[in-house]
Amino acid sequence: MRAVRMTAPGVLELTEVPTPEAGPGEVLLRVGAVGACHSDLHILDAAAGMFPTPITLGHEIAGTVETAGPGVEGWSSGDRAAVYGIIGCGRCRACLRGEENRCRVTPVGGIGLSRDGGLAEYVVVPASRLLHVGDMDLTQAAPLTDAGLTPYHAVELARPRLRPGTTCVVIGIGGLGHMAVQILLATTAVRIVAVDTSVAALDLAGRLGAHHVVQAGPDAVEKIRDLVGPPPDGADVVLDFVGAQPTLDTARQVVATGGQLLLVGLAGGTLPVRPVADEPPTVPLETDVVVPFWGTRAELHEVVALARDGRLHADVQTFPLAEAPEAYEALRRGDIHGRAVIVP
Ligand SMILES: [Zn+2]
Ligand SMILES: [Zn+2]
């Protein structure tokens, strides 16, 4: 079968590999769609040894069951599924609570991370990772598993503060951010301020229902403060889906005293935290800083439910498998709007 693999650090190429077979408790899935994630670029850019090579990338997967391995119950040929990508150890304190995204043994274990992923015609996954998606378009189902789940989990962590009348600033209206706007609208009554450098991304945020849009730039902090109030007031919650230095600097300057700052994006910025009462503070007093990672299987169930109810829809740009390397280059250049989805 064809597979797009990281054959060495930084090298992504279309290769031919044997079709894998499902072992006990596993399922062979015919891949219907797989999302191209910024994290894949971080995996490609990571130092040698951080991730195994060669490895088939792709951790945002939906497909159709081809064959079920020995001992698998509840799944048979033709069933359509979304894949929960994390594979925790299953035994630690966090995994026992269903928080595999907080596993204390295998912190980056997962499909397309520590074993072969979905950028291929077929992928083998543990049956326990599958969720039924019914007749949902698989190009819609795939992005739910990360671009939908990750912001859903972040919103879930912030939910106690997302009360009616509060304000949430969403920075970065890309694959995750455009889902975050919809999740906030579907599950809270907050006022949403969307921030991005791209006018097209802000147009998308506006169409989806964001209450205010602000173009990122030198005056973005002042523009956001005009909407959320100047310090010590500010946004109750800030979700940064970029994590670059300019976005983190914006985030900490617009979050309210006692607010919550969630750093989701992995773009390599640094957030200074200095607990002294000087002016201006690095982070306002009583502010929580949270670094969410992906989400839980239970949360993915809820994300799929939102999508099946028509409340969550991914804006997708599709590419054939052979063009996956080009799709990642477009993602790196910032030329993807919404989510890039590869269709093998
Ligand atoms: Zn991802
Ligand atoms: Zn664990």
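Residues numbered from 1 in each chain as written. Chains lettered and ligands numbered in written order. Predicted model: local features only at pLDDT ≥ 70, side-chain atom pairs only at ≥ 80, totals over all residues. Heavy atoms only, no water.

1. A short note on the overall build of the protein
Next, step 1: When its secondary structure is counted, the protein shows 9 helices and 16 strands.
Next, step 2: The globule rule puts the C-alpha radius of gyration for 344 residues at 20 Å, and the 20 Å found for the protein is close to it.
Next, step 3: Burial statistics for the protein: of 344 residues in total, 54% are counted as buried.
Next, step 4: Sequence separation of 24 or more characterises 70% of the internal contacts of the protein that already satisfy a separation of 6 or more.
Next, step 5: Total accessible area computed for the protein in this model is approximately 14500 Å², and 52% of it derives from carbon and sulfur atoms.
Next, step 6: For the protein, the distance from the average site of its 26 positive side-chain charges to the average site of its 39 negative ones is 5 Å. (Helix = DSSP H or I, 4+ residues; strand = E, 2+ residues; numbered from the N terminus. Rg over C-alpha atoms; globule rule 2.2 N^0.38 Å. Buried < 20%, exposed > 50% of the residue type's maximum accessible area, 1.4 Å probe, protein only. Contact = heavy atoms within 4.5 Å. Areas by Shrake-Rupley, 256 points an atom, 1.4 Å probe, with all protein chains shown as cover. Lys, Arg positive; Asp, Glu negative; His and termini not counted. Charge placed at Lys NZ, Arg CZ, Asp CG, Glu CD.)

2. Let's talk about the coordination of the zinc ion (ligand 1)
Ideal geometry at a metal centre: 109.5 degrees between donors when four sit tetrahedrally, and 90 or 180 degrees when six sit octahedrally.
Next, step 1: Protein ligation of the zinc ion (ligand 1) involves Cys-37 (SG), His-59 (NE2) and Asp-146 (OD), the donor distances falling in the range 1.8 to 2.2 Å.
Next, step 2: In the primary sequence, the donor residues of the zinc ion (ligand 1) line up as C-x21-H-x86-D. Within this pair, whereas Cys-37 is found in the loop between β3 (26-36) and α1 (38-45), its partner Asp-146 is found in helix α3 (residues 138-158), the two being separated by 109 residues in sequence. You'll find Cys-37 and Asp-146 in the same group, each marked buried. (Donors = N, O, S within 2.8 Å, 3.2 Å for Na, K, Ca; no water.)

3. What to know about the pattern of salt bridges
Next, step 1: Applying the stated rule across the entire model yields 18 salt bridges.
Next, step 2: Note that Arg-115 is salt-bridged to Glu-26, the shortest N-O span being 3.3 Å. Remark: Glu-26 occurs in strand β3 and Arg-115 occurs in the loop between α2 (93-96) and β7 (122-126); sequence separation between them is 89 residues.
Next, step 3: Overall, Arg-115 belongs to the partly exposed group, its relative accessible area being 26%.
Next, step 4: Judged by relative accessible area, which is 18%, Glu-26 ranks as buried.
Next, step 5: The salt bridge partner of Arg-161 is Asp-288, with a shortest N-O separation of 2.4 Å. Here Asp-288 lies in strand β14 (residues 288-290) and Arg-161 lies in the loop between α3 and β9 (167-171), a separation of 127 residues in the sequence. (Salt bridge = Lys/Arg side-chain N within 4 Å of Asp/Glu carboxyl O.)

4. Some words on the side chain of His-59
Next, step 1: Tracing the backbone shows His-59 in the loop between β4 (55-56) and β5 (61-68).
Next, step 2: At a separation of 3.2 Å, a polar atom in the side chain of His-59 contacts the side chain of Asp-40.
Next, step 3: With near-sequence residues (within four places) excluded, His-59 lies in contact with Val-34, Cys-37, Ser-39, Asp-40, Gly-85, Ile-111, Leu-113, Thr-145, Asp-146 and Trp-294. (Polar contact = N/O pair within 3.5 Å; in protein donor to acceptor, adjacent residues only side chain to side chain.)

5. Quick look at the domain arrangement of the protein
Next, step 1: When cut into domains, the protein gives domain 1 (2-135 + 314-343) and domain 2 (149-290).
Next, step 2: Inter-centroid distance (C-alpha atoms) of domain 1 to domain 2 is 29 Å.
Next, step 3: Counting residues at the interface gives 10 residues for domain 1 and 13 residues for domain 2.
Next, step 4: Buried area between domain 1 and domain 2, summed over both chains or domains, comes out near 790 Å², and the portion from carbon and sulfur atoms is 64%.
Next, step 5: On inspection of domain 1 and its partner domain 2, the count reaches 0 salt bridges.
Next, step 6: When its residues are assigned to classes, the side of domain 1 that touches domain 2 shows 2 nonpolar, 5 polar and 3 charged. (Domains from an automatic or database assignment. Buried area = accessible area lost by both parts, 1.4 Å probe. Nonpolar A, V, L, I, M, F, W, Y, C, P; charged D, E, K, R; others polar.)

6. Let's talk about the packing of α1 against helix α9 (residues 324-333)
Next, step 1: Look at α1 against α9: their axes get within 10 Å of each other, and the N-to-C directions meet at 100 degrees. One element, α1, and the other, α9, form an angle in the roughly perpendicular class. Only Tyr-328, Leu-331 and Arg-332 of α9 make contact with α1, whose side of the interface consists of His-38, Asp-40, Leu-41 and Asp-45.
Next, step 2: When grouped by side-chain class, the residues that make up the contact of α1 with α9 number 3 nonpolar, 1 polar and 3 charged. (Axes fitted to C-alpha atoms, helices over the stretch in contact; angles between N-to-C directions. Parallel < 35°, antiparallel > 145°, perpendicular 65-115°, else oblique.)

7. Re the coordination of the zinc ion (ligand 2)
Next, step 1: The coordination sphere of the zinc ion (ligand 2) contains the protein donors Cys-89 (SG), Cys-92 (SG), Cys-95 (SG) and Cys-103 (SG), at a distance range of 2.3 to 2.4 Å.
Next, step 2: Every donor counted, the 4 donor atoms about the zinc ion (ligand 2) form angles of 105 to 118 degrees at the centre, which fits tetrahedral coordination.
Next, step 3: According to the relative accessible area criterion, Cys-95 is buried, its value standing at 9%.
Next, step 4: Residue Cys-103 is classed as buried on the basis of its relative accessible area, which comes to 8%. (Tetrahedral: all angles 85-135°; square planar, octahedral: opposite > 155°, others 65-115°.)

8. Re the environment of Glu-121
Next, step 1: With respect to the helices and strands, Glu-121 occurs in the loop between α2 and β7.
Next, step 2: Not counting the four nearest positions on each side in its chain, Glu-121 is found in contact with Met-1, Arg-2, Leu-29, Arg-30, Val-31, Leu-321 and Pro-344.

9. Regarding the packing of α3 against helix α8 (residues 297-308)
Next, step 1: At a minimum axis separation of 9 Å, α3 and α8 run at an interaxial angle of 110 degrees. When the axis of α3 is compared with that of α8, the two are roughly perpendicular. Each of Leu-144, Thr-145, Gly-148, Leu-149, Tyr-152, His-153 and Glu-156 in α3 lies in contact with α8, whose residues at this interface are Glu-299, Leu-300, Glu-302, Val-303, Val-304, Leu-306 and Ala-307.
Next, step 2: In the contact of α3 with α8, the residues fall into 8 nonpolar, 3 polar and 3 charged.

10. Quick notes on the sheet that holds strand β11 (residues 212-215)
Next, step 1: What the 6 strands build is an open sheet, ordered β11-β10-β9-β12-β13-β14; its pairing is parallel. The open sheet has two edge strands, β11 and β14, and neither has a second partner. Neighbour-to-neighbour, the strand axes of the sheet open up by a mean angle of 15 degrees, direction not taken into account.
Next, step 2: Sheet analysis places β9 next to strand β12 (residues 235-240), joined by 4 bridges and oriented parallel. Across the sheet, the residue bridging to Ile-171 is Asp-240, located in β12.
Next, step 3: Packing of α3 onto the sheet brings it into contact with β12, β13 (255-263) and β14, and relative to β13 it is tilted by some 155 degrees.
Next, step 4: In the packing of helix α4 (residues 177-187) onto the sheet, contacts are made with β9, β10 (191-196) and β12, and the angle to β9 comes to roughly 165 degrees. (Pairing = 2+ DSSP bridges.)

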